[in-house]
Amino acid sequence: MLRIKTSLLIGACVGAIATSASAQQEVVVRIGMAAPMTGPQAHYGKDSERGAQLAIDDLNAKGVTIGGKKVRWQLMPEDDAADPRQATAVAQKYVDMKINGVIGHLNSGATLPASKVYNDAGIPMVTPSATNPKITQQGFKYVFRTIGNDGSIGSGIAKYVHDTLKFKNVAIIDDRTAYGQGVADEFEKALKAAGGNVVARQYTNDKATEFSAILTSIRARKPDLIFYGGMDSQGAPLYRQIRKLGINSPLAGGDGLCTAEMVKVSTIGPDRNIYCGEAGIQLSQLKGGADFQKRFNDRFKADILLYAPYVYDAVMVMADAMVRAGSAEPDKYVDALAKADYQGITARIRFDAKGDLQNAAITLQTFEKGGRAPVGVIQ
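So, here is what we can say about the structure in this document.

Quick notes on the rules
Residues numbered from 1 in each chain as written. Predicted model: local features only at pLDDT ≥ 70, side-chain atom pairs only at ≥ 80, totals over all residues. Heavy atoms only, no water. Helix = DSSP H or I, 4+ residues; strand = E, 2+ residues; numbered from the N terminus. Rg over C-alpha atoms; globule rule 2.2 N^0.38 Å. Buried < 20%, exposed > 50% of the residue type's maximum accessible area, 1.4 Å probe, protein only. Contact = heavy atoms within 4.5 Å. Areas by Shrake-Rupley, 256 points an atom, 1.4 Å probe, with all protein chains shown as cover. Lys, Arg positive; Asp, Glu negative; His and termini not counted. Charge placed at Lys NZ, Arg CZ, Asp CG, Glu CD. Pairing = 2+ DSSP bridges. Axes fitted to C-alpha atoms, helices over the stretch in contact; angles between N-to-C directions. Polar contact = N/O pair within 3.5 Å; in protein donor to acceptor, adjacent residues only side chain to side chain. Disulfide = S-S within 2.5 Å. Salt bridge = Lys/Arg side-chain N within 4 Å of Asp/Glu carboxyl O. Core = buried A, V, L, I, M, F, W, Y, C linked by side-chain atoms within 4.5 Å.

1. Structural notes on the overall build of the protein chain
Looking only at helices and strands, the protein chain features 12 helices and 15 strands. By the compact-globule yardstick of 21 Å for 379 residues, the protein chain fits well, its C-alpha radius of gyration being 23 Å. Taking all 379 residues of the protein chain together, the buried fraction comes to 55%. Relative to all contacts within the protein chain whose residues are 6 or more apart in sequence, the contacts with residues 24 or more apart total 67%. With an accessible surface of roughly 16000 Å², the protein chain has 52% of that area assigned to carbon and sulfur atoms. On the protein chain, the mean spot of the 45 positive side-chain charges and the mean spot of the 38 negative ones are 2 Å from each other.

Below is the structure:
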């Protein structure tokens, strides 16, 4: 009996040592995901968090290894409230945590100040949604984007409304955020270059819900179209008030208006009275898009709002760079990230010298019969 007990004890010790050695081989990789989780844009933040979590779940299920070591992936979401100051605080928190990489921020206004914090600390940041061109014009080695920028979105919409819809006289409103003003400026520049006229340029903010004074002034100018640079949290009440004031001009905007909330308000008035431009190609038109939609729905019991597929791809392209570099250390995989050639859900992801997505596609959409309908793709 003594021999048996001794053998069992030795076997247990060997097993414990083996288990301990195996555990030591496991690498924990923490991915930050910064977006508004509170406030009027919290629905975007939740959508983004779900996209990131689905990617993390898939990576863990695949048993990905880096440098021969098994990896356990962890998502570390933080709320920046779409506020530049809070975004900077979140960025510094990630730096102090020695995070392996960051997905975000969602808004351009939050991303611009945060990007400097990450770049100075040498932590790669991939934004899946912030579209202001200035983000990648700073010459930062550690900053990347997996979505088209305002230049492509604004100019694409302007070309379509001028050349195809034949709208010549346009009123422009923006919310003074880096995103809203940026896409509105690009739209105005392209519209004028095409021969169109800006009959009014008005401003609001990203917390406003009352626009009657602005719209009353615009109504007197009788524009063919109203362009809004901002998100649906203002775009939806803006559209309701356009209709209430008897203004017949359609409303157009960037990807911030390509949402389910705008589908709801589009039923007020005639079809094809709202247009939006969304970076990328509509999920239903993408290879693997339907499968991604189903897996997302099954996992979260919710529909995709807007950015979740881009967030998913941002996580995956970062993970791919780590695997190719054989390291999750930021300074060791950043060069591999810059040389990415990854087939994602939303696009074939390759970055140019600035960190922008190469060959970014823009889908122009309208709203009809209580849903969205693509009207063209610009590559």
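2. A look at the sheet that holds strand β14 (residues 362–368)
Ordered by their spatial adjacency, seven strands build an open sheet running β8-β7-β9-β10-β11-β14-β15, and the pairing between neighbours is mixed. The open sheet has two edge strands with one neighbour each: β8 (197–203) and β15 (371–378). In this sheet, adjacent strand axes meet at a mean angle of 25 degrees when their direction is disregarded. One ladder, built from six bridges, connects strand β7 (residues 169–174) with β8; its direction is parallel. Residue pairing across strands places A171 opposite A200, the latter belonging to β8. This element, helix α7 (residues 212–219), spans β7, β8 and β9 (225–229) of the sheet and lies at about 165 degrees to β8.

3. Thoughts on the environment of D58
For D58, the location among the structural elements is in helix α2 (residues 42–62). Separated by 258 residues in the primary sequence, D58 and M316 place their C-alpha atoms 9.4 Å from one another. Here the side chain of D58 touches R295 through a polar contact of 2.9 Å, side chain to side chain.

4. Considerations on the sheet that holds strand β4 (residues 101–104)
Spatially, six strands are ordered β2-β3-β1-β4-β5-β6 in an open sheet, and the strand pairing comes out mixed. The open sheet is flanked by β2 (65–66) and β6 (143–145), the only strands paired with a single partner. Note: β2 against strand β3 (residues 69–79), two bridges, orientation antiparallel. Bridge assignment links T65 to a residue of β3, and that residue is K70.

5. Notes on the pairing of β3
The pairing of strand β1 (residues 27–35) with β3 spans nine bridges and is classified as parallel. Counterpart to I31 in the pairing with β3 is L75. Counting the residues that bridge the hairpin from β2 to β3 gives two residues, and of these G67 lies at a positive phi of roughly 60 degrees.

6. Digging into unusual backbone geometry
One can expect most non-glycine residues to show negative phi and most peptide bonds to be in trans. Here the residue pair G104 and H105 is connected by a cis peptide bond, since its omega of 0 degrees sits within 30 degrees of zero. Within the chain, A81 stands out as a residue other than glycine whose phi angle is a positive 55 degrees. Here A81 lies in the loop between β3 and α3 (84–97). The exposure class of A81 is partly exposed, given its relative accessible area of 25%. In this model, A82 sits at a positive phi of 60 degrees, which is unusual for a non-glycine residue. Within the fold, A82 resides in the loop between β3 and α3. A residue is classified by how much of its surface remains accessible, and A82, at 15% relative accessible area, is buried.

7. Regarding the state of the cysteines
A complete count under the given rule lists one disulfide for this structure. Note on cysteine connectivity: C258 is disulfide-linked to C276, with sulfurs 2.0 Å apart. What sets the handedness of the C258 and C276 disulfide is the S-S torsion sign, and at about 115 degrees it is right-handed. With a gap of 18 residues between them, C258 in the loop between β10 (251–253) and α9 (260–265) and C276 in strand β11 (residues 274–279) connect regions that are remote in the sequence.

8. Focus on the pattern of salt bridges
Per the stated rule, a full pass over the model turns up 24 salt bridges. Three or more residues joined by partner-sharing salt bridges are found here, namely D174, R176, D185, E188, K192 and R201.

9. Some details on the nonpolar core
W73 and F187 are the most contacted members of the largest nonpolar core, which has 100 residues in total. At 12 residues, helix α11 (residues 308–325) tops the list of elements feeding residues into this core. Those residues within four positions of F187 in sequence are excluded, and the remaining contacts are G154, I157, A158, V161, V170, I172, L225 and F227. Counting 19 residues, the second largest nonpolar core, distinct from the first, contains A34, A87, M125 and F140.

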